[in-house]
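Observations on the three-dimensional arrangement
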Amino acid sequence: MGLKASIGKIVESAIVSVGDLAETITYNARSTGAYNVTTGAVAHTTVDYSLKAVLSPMGGKVDSNDVSSQFTGDLSAIFASRDLAVTPDTNDTITRDSVIYAINGIISDPALASYTLILTRVG
């Protein structure tokens, strides 16, 4: 087993080990379908993937149970890349507690063992 695979397993285990810090989110992978010449529309299909991620607020400080007034509503979500069957894309969305977030940024480590997504609330 190579170093990349070993790091991937360690990151996957770490997300499980954080217990209740990780929460279940839905990754909504959107793909473009065929162009319909009759309607002039392009059909899109969405495939949903459930995974565990650690989410944290961006743009402000969190003090005990209170979020400061600087909190923008943006979140970062980190998860093991092995937990997602597709490569993240900025055309996809995340659903958390029935709230939809757009993916504005995607960061990965050199081993591609984890992804950190920068999320903005859209609905």
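Above this note sits the structure.
Quick caveat, the model's predicted, so the values are computed rather than measured. (Residues numbered from 1 in each chain as written. Predicted model: local features only at pLDDT ≥ 70, side-chain atom pairs only at ≥ 80, totals over all residues. Heavy atoms only, no water.)

This part is about the overall build of the protein chain. When you go through the protein chain residue by residue, the secondary structure sums to one helix and eight strands. Ordered by position from the N terminus, the helices and strands of the protein chain form the series α-β-β-β-β-β-β-β-β. Counting every position in the protein chain, which comprises 123 residues, the buried fraction comes to 28%. When the accessible surface of the protein chain is totalled, it reaches about 7500 Å², and 54% of it is carbon and sulfur. (Helix = DSSP H or I, 4+ residues; strand = E, 2+ residues; numbered from the N terminus. Buried < 20%, exposed > 50% of the residue type's maximum accessible area, 1.4 Å probe, protein only. Areas by Shrake-Rupley, 256 points an atom, 1.4 Å probe, with all protein chains shown as cover.)

Where nonpolar side chains cluster on the molecular surface, the patch consists of Tyr-35, Val-37 and Val-42 and spans about 320 Å² of accessible area. When you line up the elements, Val-42 lands in strand β2 (residues 41-57). (Patch = residues over 30% accessible without salt bridge, like charges linked within 9 Å, V, L, I, M, F, W, Y side chains within 5 Å. Salt bridge = Lys/Arg side-chain N within 4 Å of Asp/Glu carboxyl O.)

The next point concerns the environment of Thr-26. Relative to the elements of secondary structure, Thr-26 occurs in strand β1 (residues 22-36). Distance in space between the C-alpha atoms of Thr-26 and Leu-51 is 6.4 Å, their sequence separation being 25 residues. What Thr-26 contacts, discounting residues up to four positions off in sequence, is Asp-48, Tyr-49, Thr-93, Ile-94 and Thr-95. (Contact = heavy atoms within 4.5 Å.)

Where charged atoms of side chains with opposite charge meet at close range, the side chains can pair. This structure, assessed with the given rule, holds one salt bridge. The closest approach of N and O atoms between Glu-23 and Arg-96, which form a salt bridge, is 2.7 Å. With Glu-23 in strand β1 and Arg-96 in strand β6 (residues 93-96), this pair connects stretches of sequence that are 73 residues apart.

Residues Tyr-27, Ile-94 and Leu-119 are the most contacted members of the largest nonpolar core, which totals 17 residues. If you list the elements that add at least two residues to this core, you get β1, β2, β5 (75-80), β7 (99-108) and β8 (114-121). In this structure Leu-119 touches Leu-55, Asp-74, Leu-75, Ala-77, Ile-94, Tyr-101, Ala-102 and Ile-103, once residues within four positions along its chain are discounted. (Core = buried A, V, L, I, M, F, W, Y, C linked by side-chain atoms within 4.5 Å.)

Time to look at unusual backbone geometry. With a phi close to 50 degrees, Asp-97 is a non-glycine residue in the positive phi region. Here Asp-97 is to be found in the loop between β6 and β7. Exposure remark for Asp-97: the relative accessible area of 65% places this residue in the exposed category. For Leu-112, which is not a glycine, the phi torsion comes out positive at approximately 55 degrees. For Leu-112, the position within the fold is in the loop between β7 and β8. On the basis of relative accessible area, Leu-112 is assigned to the partly exposed category, the value being 39%.

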